[in-house]
Structure formats: structure tokens, C-alpha cells
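A closer look at the structure
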Amino acid sequence: MKYFSGSIDSLIATIKNSFRPVVTESVRPEASRAERYRASFALTHDANGEQNCIGCKLCENICPSTVITVVAGPKRVSEFTGKKRGYADDFTVDLQACIYCELCVSVCPTDSIVMVRVQEQPSFDREDLVLTQDKLYANETSKPLSWANGTKLRAMLDPNASPEEDAS
Amino acid sequence: MNPWLHGAVYGAGLLGFMMTVGALASWYERKFTAVVQNRLGPNVVGPFGVYQPIADAIKMLRKEEIIPRDADRPLYLLAPWIPTFLVLISAAAVPFGGYYAADGHWQSTWLVADLDLGVLWLLAVSGLMVFPIWMAGWSGNNKYALLAGMRMVAQGISYEIPMVLTALVPVIAVGSMSISDIVAYQAEHGWLIWKLPGIGLVAFVFFYLASLAESNRIPFDIPEAESELVGGVLVEYTGMRFGIVLLSEYLHTLVASIVASALFLGGGHMPFLSAMLPWWTAPIFMLLKVGALFFSIYWVRWSWVRYRADQLMELCWYWMVPISLAMVMATALMVTGGWL
Amino acid sequence: MSGTTTRVNPHLDIERYDSDADLMALNMGPQHPSTHGVLRIKLFLDGEVIIKAVPYPGYLHRGVEKLLEKLTYVQITPIVDKHDYVSPMINEQAINVAFEKLAGVEVPRRARWMRTLLAEMQRVASHLLWLGTFVLDIGGTIGGGASLMMFTFRERELILDLFEELTGARFHYNTHMVGGNRHDIPVGWAQHVREAFTLIRSRIADYHQQCTANAIFLDRTVNVGVIPADLALELGLTGPNLRGSGVDHDLRRDAPFHAYDEIPVNVAVHGGCDSFGRYMVRMAELEESCRLVLDIVDNVPEGPICSLKPVKTPGHVKVAERRQVYVGIESPRGELGTWVIGGGAERGAAPYRCKIRPPCLHAMSALPYALVGHTISDVVAVLGSLDPIMGEVDR
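What you are looking at is a predicted structure, and each value in this text was computed from that prediction instead of being measured.

Before going further, it helps to spend a moment on the overall build of chain C. Per the secondary structure count, chain C includes 17 helices and eight strands. Computed over the C-alpha atoms, the radius of gyration of chain C is 21 Å, within 12% of the 21 Å expected from 2.2 N^0.38 for a compact globule of 395 residues. In terms of principal-axis extent, the alpha carbons of chain C reach across some 70 × 45 × 35 Å. Buried residues in chain C amount to 67% of all 395 residues. Of all intrachain contacts in chain C linking residues separated by at least 6 positions in sequence, the fraction that spans at least 24 positions is 72%. Of the roughly 12600 Å² of accessible surface on chain C, 54% is carried by carbon and sulfur atoms. Distance from the positive charge centre (40 side chains) to the negative charge centre (47 side chains) of chain C: 8 Å.

So this is what it looks like as C-alpha cells:
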């Protein structure tokens, strides 16, 4: 008899489930991604409109997959602050080999490289997966940036930082 | 009416009905599955994705035809067409409609051919369907297909026995092999599923399970077990040949529902309503019953896991065959004893 | 035709078995829907009964251990995510616990509690995936198994969303580092965890209703793939595979790591030694881990999450002398161990040698014993119940 009752139980479980709401979506809206979601990269400008990257190559050294190539330019005086600082002449991220580990973001001293919350579109050319400096700076405005940048990631590890207020 | 004309017109009608349902069955299966699993199912092509089977057919027609080099060509090419042909002709003797004639007897109508040996026709045709699956398995020159084909032979011929025996129960109870007579008897004396106390229900369930086994549906789909045998007998088929076999499988479930509802559930008859309602409601009732059984076949498929081959055989030979034999004898006793 | 309990010697040459038997050699090849990755099993069949089974792993070998000799301690974590790709948190924790022991770094209390919480959440997610694929293999890719798989994946999505909220990635998180964790708990996360796990806990009864009492499921798993306790111990099976054979051994209780010395764990043991026993152990672990998560998430202590300063250069952690350490932690598949020898490249910033002890490799070694006398249908049931992940077996 247990033979039949077990079989009927399975049928009931299936039908019981058919009354629950649908959980798949046709297309997931980008806004529903979590704040910290990491998908692609962007280089940022500072408040004056100057590029944040100082060409220090910390990100290039830390990357486990060696996908970042930074060509540091000669140090020159910034027209906004009047101080001498480094610049990056060329900056390339090869998305074909990137493992999205966020280590480059966590070491950047000037919060220059950040991740964005929207993936790159699939394309037919391999060149489209190699993010050049122009594409990276364009991503800063065209894609929503992820929450994390270098300062915030390092602040989370600071033992003296006060914890965020948890309303729950 | 001229029997040739009758056969042609009703045959065309039945063919149209079955092919439409067969095409829609794949859409229905995917939509029902999606509802059960909280998913969306096909929803892009047409309203609620109804044109999805057409899209699938076009896709399959455009696929490259790959025939294995060492395949047994005549068998390989012939194997997909036979089950489709057989399954389309097997429902020819089942009446879809009926009405109470002036003298109180039920008159079955809307059937292609009023065979005196209707039940035998059904069983013979479904017995032939073991061959094409085995042919497909053998001809692919593939060990997986061979294993699946052998399993199908074992399963198919084993489960024919309970199917025949349980189909004999209505035949003995009614005293005739003609399906229209069986339906007429049920219309006048009550559905066989409860007319024969206990036996009717068990016979119906066993007939239903045996039909599932014959058409390779879960829980008996060992010959087609996708997660073990990677598609079973169909592993070497591509494109439209594959599609034809899938279509024949859906149609076989439809035929199983039709036959079960005619033999045990009274065909186009409803207990109190048929006497009051006009003649054109009978096909609607028949379709309702067929639909309910069809739905339950898919429900079972998406709830249960599959049997192993030897457990399947054990179920058939240890349980279903002895009980079916006992039921046949009991029915025969009841008829001769006059309790029926 | 159920499994035999006499010990067979799977290393016997096939001709020695029975020279008259007409055996068919069938390849359950690397491309197969049910081998849980790329695994090749060569089966010698007499009709449908397996006389000898030889597994051939190695199709997913990526040379990771060689790579780990070149990368430094702070760069390795995102690489080992990809071993047991179903439970990446545990992989990261295993390697970082070993590195911390090697480098003598202490982990702050909050980080240890967070690691415990993440490990238990990952255990639930991994067991949900296991359950889905197990019943999928038994029941049919298009059939009853698929229904249950959709249900468990629906619940697993909730957990992946939680991880996304915490770390930013649904898979391969890189949220651990030598000395602690990298991501701290955001506002509102604890409430989401509570909601999600209360829901998951209530759905476990549904899974039992669909499977445990179903007679067909019992027929497929009881007395299938019997691995007696002494054989299991000899082969080095650990985790649910060992506990399903009746041996009461769980690293969370017997050799506590993270915060398990402060959190008691109820260990599930089943004496069946068959696939059903392993199934019941994992189902019990599902419930236990849900309970643990709901307990821990309210009690994570305050404090720093890392005892080292943030990483600046690859040479952040250096171990100059060539000493060695082995640490094993309890992954959803068994004891995931890491054996590290320090003093490697770049003046000790990279390990000299890093060997991962995958629990699934030992489960693979049980296949030749467990499959003899069964049929092909049982191969998928046994494989599913041993829960192998080929990324871990092959590295």
C-alpha cells in the first residue's frame, strides 16, 4: 500500500508546486542586479575631469591572469592641481582571460579602475573583448558602476572603521 | 453510406484531428511542464507560444542529414515511419460519438470503421509497434542504441500481456470485441470502471500503465532513457526522422487515452447528461475524457522517476500478469454466473 | 541483480574473470549527460550486468597545482575557486586556512564566524544542486527528475542572490584572503538571509514528499552501490559518503576549524551503506545547515574582518623557510585538504608546492567496487549519490 501512497504523494507535490508563482524572467532588468555586482571594467575621472590613473601598475602586478597592460607615461604637471603626477599612456584589459576577481580594484590607490554592473555585449570579433583605454573611459558614463572601489574595499578591512548601521 | 466514402471522410477527419493534437501535444507538454516547474515555457512564437511546434518542425527540416556509415540502411531509413503510420491507423475502430436511439439502445457513431474485432485490431497494431523501435536500435550501429532496442523488445512484448488481458476484461463482460458494442453496453449499464466491482478499477489502472509502458513514457521510458543511454534508440537519428519518432510517441499517448476512455470510461457517454443533451455533446464528452487521461499521462511523467529495466520486468511479470489473469477469470465467472 | 557485498578485486585483468564470457566493452564516455562532468567509465558488460568498471578521470586536468607554484599567496584564492566549482566558498576557505597556518596569521573572530556562516550557506547551495542533479539522473532529463531539479535550483537562486549581495559575484567570489575576509556584511543582508533560509527550510519537506517515500525512487537507490564501512575507510572516503556507510566522522566536530569550536553541529549518520543512505545523510545535512545558518546569522560578533593590512603588492605575505602544513576542512563532499610547503618563488611570496586533497577523487576510487554486479541504470544512481565534481577530481 505504501507503494501507492508514495506515488500519489509525488503527484500531489508536483501539482502543489504548479500553483506557485513563476520565478523565471524573460530578460533580467539591469537595475535588479546587486549593488556590488562585478561584470566589466571602467576607468574613472576625478572631480576636475582629469583621469584618476597615475600609471603605478599595481593592478598589472596583482592580476593573477596578467590581463592588464599599463603603459606609464612620463610624469608631468597637472593643470588642475599644479603638482607633478604620473599618467597612463595606454591601459588595456583583456576580458578574454579575466576571471573577475576584483583584486585590481582592491589595490588601486586612486580608485581609478572600478567594475561596472553590466556585462559587455557578445560580439563576433575578438577585438571587442579587449577593452582599450577609450572603451574603459566610455564605460564610466555608459554603464552603471559597481559599488566597490579601492577606497571602500580597503575601508572594509580597516579594524578601526565603525560598522554600518544595520537596521534589522 | 458507401463504406469507402465513409472511411475516406471519417478517416481524413480522424487523421486531421490526430495530427493537430500531436503537433499541439509538444506545445502542451512544454507549457504544462513550465507551469509545474514555475517557469515560463514557450512564450515568444505566437500567443502563449502556440506556434512553437511549427518553429520546431521548420528547424528539424533544415537539419543536416547524418546517416552513420556502417548503419543498416534499409532498416535505418524505414524505422521512423512505421510507428507513425501504425499509430495513426490504430484509433480507427473507436467511436467518438453516439446517441440514444428511439428504442433506448445506444448507437455509436463517428468512427472510421465499425469492426467486429475492434479490440483485436487495436492490440495487433500496438503489438507491431515493438518492431520499429528495435529496428531503430539495431540499425544505428551503436552500442547504446542496441542496448536500448533490446530493452524495448523486452519491455514491449512483456507489457503486451497485461495490456491484452486487461483489454479482455471489457470484452468478456460485454461479450463482443467490437468497440462500439462495448461503448453501447457501458451507456446502457454503466461504465465498466465501476460496473465490475474492484476489477474495473484495477483493470483500468493496469491497462493505463501497460499503455504507458508500450509508448515508452516515464516511469517506463528505459529504452529512451536520456540520462543513461543518451537518447536510447534515437541516438543516431537527427532532424526530421527524430521529429517523426517523437511525434509518434505523443500520438501513442493520445491513442492510449482514447482507447482507455472507450473501453473503460464509456466513450461519449455521460451518466445522466447524455439522455438529456443532444447528440453533438457526445464527442465533447469523449474529448473531455481523453483530455483528462492525456493530462494525467503528462502529470505522471513530470512527477515520477524511472524504473530500472529489471524492476520494470519484475513489476510486469510478478504483479501485473498474475493479477490480470485472475481478473479475466473472475470476469468470466461473473458472466457465466449471471451476476453481470 | 542487486549489489554484492563480497569484496571484488577491481584490478584483476579482464581475461581472468571468465574467459568464456562474451563481454561487451561500453564506454560511458567523457560526453555523457550523467557523469557529472567529464568522466570516462569503461564498463565491461555481460548483457547488462557490469562485470568490471574502470573510471578514467583526468579530462578536466588544468595543471592548477603547477600554476600555484608561480602565483603568490594573495593571488591564489580566485584560482582555487574553480576546483569544486559548485561550492567555491569552501575551496577558498580551505586554501586560506592552510596559508594562515603556514604563515602564522591569526584570523579575527568576526571573520571566523563569517566564514562559518558562508560555509554553511554554501553547503546548503551545494546540496541543493546535488539533489537536483541526482534525481535528474535517476528520473530523466525530461521527466520527474527535471521537476525536482527546477525546484531545487529555484531555491539555490536565492542563495546565489545573497552571495551576490555580499561579494558581488554569484559564483567564484574571491571573498576570502589570507588573514580574513574581504567583504563585510552590508546593511539588510542578515534579514535577507533569514527570509531566504526560512523559505528553503520549509521547502525541504516538499523534496521529501517527492522522493523519499516514492516507491520507484526507493527501488532505484536502496541496495544500489553498497560500500561497506571498512572499504570506505580504506579508500579514504570522507564526508557524506563515509557517513552514509555508518561511520561517525565529521571534521566540523572532530577537528574544528573556523568557529566550529563555538558552534555545535549535529552530525547525520546513516548505516545503509548504499545510495539511499548517502541520500538520507545529505538531506539531513541540508536541514542541519539551514538551522545553523539561521542560528549564526543573528550572532556574528562585531570586530575587524581581517588581521592583515589590505593587499598592495603580490608579495604581501611571505613565508621564507621551507616548512609544510596540512589542513583539512569539511566541504560538502568530504575532507578538502590542502598541503602547502612554503619557501617558493619570489623570495617566499609563492608556495613551493601546494597539493589539494580532493574528496571526490577518493569517491572515484570507490566506483570499481561499488558498480560490480549492477546494471547501467545503477551507474548513474551510484555516481549521483557519490556526488563527484570533476573540477575537483582533476584540478
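The next subject is the interface of chain A and chain C. Contacts between chain A and chain C engage 41 residues on the former and 48 residues on the latter. Contact between chain A and chain C buries roughly 3800 Å² in total, counting both sides, with carbon and sulfur atoms accounting for 53%. When the area that chain A buries against chain C is broken down by residue, the three leading residues are A:Arg36, A:Arg38 and A:Leu157, summing to 17%. Applying the counting rule to chain A against chain C returns three salt bridges. Along the contact surface separating chain A from chain C lie 15 residue pairs in polar contact (both at pLDDT 80 or more). Of all the elements in the fold, those that place two or more residues in the side of chain A that touches chain C are helix H1 (2-17), helix H2 (58-62), helix H3 (103-107) and helix H5 (150-156) of chain A. With 11 residues, H1(A) is the single largest residue contributor to the side of chain A that touches chain C. Its residues placed into classes, the side of chain A that touches chain C shows 20 nonpolar, eight polar and 13 charged.

A few words now on the packing of helix H10 (residues 199-214) of chain B against helix H12 (residues 239-263) of chain B. Residues and elements named next belong to chain B. In contact at an axis separation of 10 Å, H10 and H12 are set at 165 degrees when each is read in the N-to-C sense. In this view, H10 runs roughly antiparallel relative to H12, as classed from their interaxial angle. As for the relative orientation of H10 and H12, their crossing is right-handed in sense. The residues of H12 that touch H10, namely those facing Phe 204, Phe 207, Ser 211 and Glu 214, are His 252, Ala 256, Val 259, Ala 260 and Leu 263.

Residues and elements named next belong to chain C. Read from one edge to the other, the open sheet built from three strands follows the order E6-E7-E8, with strand pairing classed as antiparallel. The outermost strands of the open sheet, each flanked by one partner alone, are strand E6 (324-331) and strand E8 (353-357). Between one strand and the next, the sheet's axes are offset by a mean angle of 15 degrees, whatever the strand orientation. Relative to E8, strand E7 (residues 334-341) runs antiparallel, the two being bridged by five bridges. By the bridge assignment, Thr 338 is partnered in E8 with Ile 356. In this fold helix H4 (residues 88-103) packs onto E6, E7 and E8, with an angle of close to 150 degrees to the strand it touches most, E6.

Time to look at the interface of chain B and chain C. Interfaces are frequently sized by the accessible area removed from exposure as the parts join. If you look at the interface, chain B gives 26 residues, while chain C gives 41 residues. Between chain B and chain C, a total of about 2800 Å² is buried, with carbon and sulfur atoms accounting for 57% of that surface. Taken together, chain B and chain C are joined by zero salt bridges. At the surface where chain B touches chain C, the tally comes to six residue pairs in polar contact (both at pLDDT 80 or more). Secondary-structure elements contributing two or more residues to the side of chain B that touches chain C are helix H7 (143-174), helix H11 (226-229) and helix H15 (309-337) of chain B.

On to the sheet that holds strand E2 (residues 68-72) of chain A, then. Residues and elements named next belong to chain A. With antiparallel pairing, the three strands of this open sheet are ordered in space as E2-E5-E7. The open sheet terminates on both sides in strands that have one partner only, identified here as E2 and strand E7 (130-131). Pairing of strand E5 (residues 88-94) with E7 involves two bridges; the strand directions are antiparallel. Within E7, the residue paired with Asp 94 across the bridge is Val 130. Those strands touched by helix H4 (residues 133-142) are E5 and E7, and its axis lies near 80 degrees from that of E5.

Examined against the element boundaries, C:Arg182 turns out to sit in the loop between strand E5 (180-181) and helix H7 (189-211). Among the residues examined, C:Arg182 registers a relative accessible area of 5% and is labelled buried. A polar side-chain atom of C:Arg182 sits 3.3 Å from a polar atom in the side chain of A:Glu102. If near-sequence neighbours (up to four positions away) are discounted, C:Arg182 is found in contact with A:Cys101, A:Glu102, A:Ser106, A:Leu153, A:Met156, A:Leu157, C:Asn174, C:Thr175, C:His176, C:Met177 and C:Ile305.

Now for the packing of aromatic side chains. A complete count under the given rule lists 24 aromatic pairs over all chains for this structure. Ring geometry for A:Phe41 and A:Tyr100: centres 6.4 Å apart, planes at 10 degrees, overall stacked. Here A:Tyr100 lies in the loop between E5 and H3 and A:Phe41 lies in strand E1 (residues 40-43), a separation of 59 residues in the sequence. On the accessibility criterion, A:Tyr100 (28% relative accessible area) is partly exposed. Arranged with centres 6.1 Å apart and planes meeting at 20 degrees, the rings of B:Tyr28 and B:Phe294 form a pair that is stacked.

We now examine helix H1 (residues 3-36) of chain B. Helix length check: H1(B) (34 residues) gives 46 Å between terminal C-alpha atoms against 50 Å at 1.5 Å per residue, within 8%. Directly after H1(B), the chain includes B:Asn38, whose backbone phi takes a positive value near 60 degrees.

All right, on to a nonpolar patch on the surface then. Residues and elements named next belong to chain B. On the surface, Ile 161, Leu 201, Val 202, Val 205, Trp 317, Tyr 318, Trp 319 and Ile 323 cluster together into a nonpolar patch covering about 750 Å² of accessible area. For the nonpolar patch, the secondary-structure elements that each account for two or more residues are H10 and H15. Per-element accounting of the nonpolar patch gives the leading share, four residues, to H15. Inspection of the secondary structure puts Trp 317 in helix H15.

Glancing now at the nonpolar core. Residues C:Met121 and C:Phe197 are the most contacted members of the largest nonpolar core, which totals 214 residues. Here this core gets 15 residues from one element, more than from any other, and that element is helix H5 (residues 109-139) of chain C. Counting residues domain by domain, this core receives three or more from each of domain 1 (14-56) and domain 2 (64-394) of chain C. By size, the runner-up hydrophobic cluster in this structure holds 24 residues, among which are A:Leu95, A:Ala148, A:Leu153 and A:Met156.

Rules of the game
Residues numbered from 1 in each chain as written. Chains lettered and ligands numbered in written order. Predicted model: local features only at pLDDT ≥ 70, side-chain atom pairs only at ≥ 80, totals over all residues. Heavy atoms only, no water. Helix = DSSP H or I, 4+ residues; strand = E, 2+ residues; numbered from the N terminus. Rg over C-alpha atoms; globule rule 2.2 N^0.38 Å. Buried < 20%, exposed > 50% of the residue type's maximum accessible area, 1.4 Å probe, protein only. Contact = heavy atoms within 4.5 Å. Areas by Shrake-Rupley, 256 points an atom, 1.4 Å probe, with all protein chains shown as cover. Lys, Arg positive; Asp, Glu negative; His and termini not counted. Charge placed at Lys NZ, Arg CZ, Asp CG, Glu CD. Buried area = accessible area lost by both parts, 1.4 Å probe. Salt bridge = Lys/Arg side-chain N within 4 Å of Asp/Glu carboxyl O. Polar contact = N/O pair within 3.5 Å; in protein donor to acceptor, adjacent residues only side chain to side chain. Nonpolar A, V, L, I, M, F, W, Y, C, P; charged D, E, K, R; others polar. Axes fitted to C-alpha atoms, helices over the stretch in contact; angles between N-to-C directions. Parallel < 35°, antiparallel > 145°, perpendicular 65-115°, else oblique. Left-handed = near helix turned anticlockwise from the far one by under 90°. Pairing = 2+ DSSP bridges. Phe/Tyr/Trp six-rings, centres within 6.5 Å; stacked < 30°, edge-to-face > 60°. Expected span 1.5 Å × (residues − 1). Patch = residues over 30% accessible without salt bridge, like charges linked within 9 Å, V, L, I, M, F, W, Y side chains within 5 Å. Core = buried A, V, L, I, M, F, W, Y, C linked by side-chain atoms within 4.5 Å. Domains from an automatic or database assignment.

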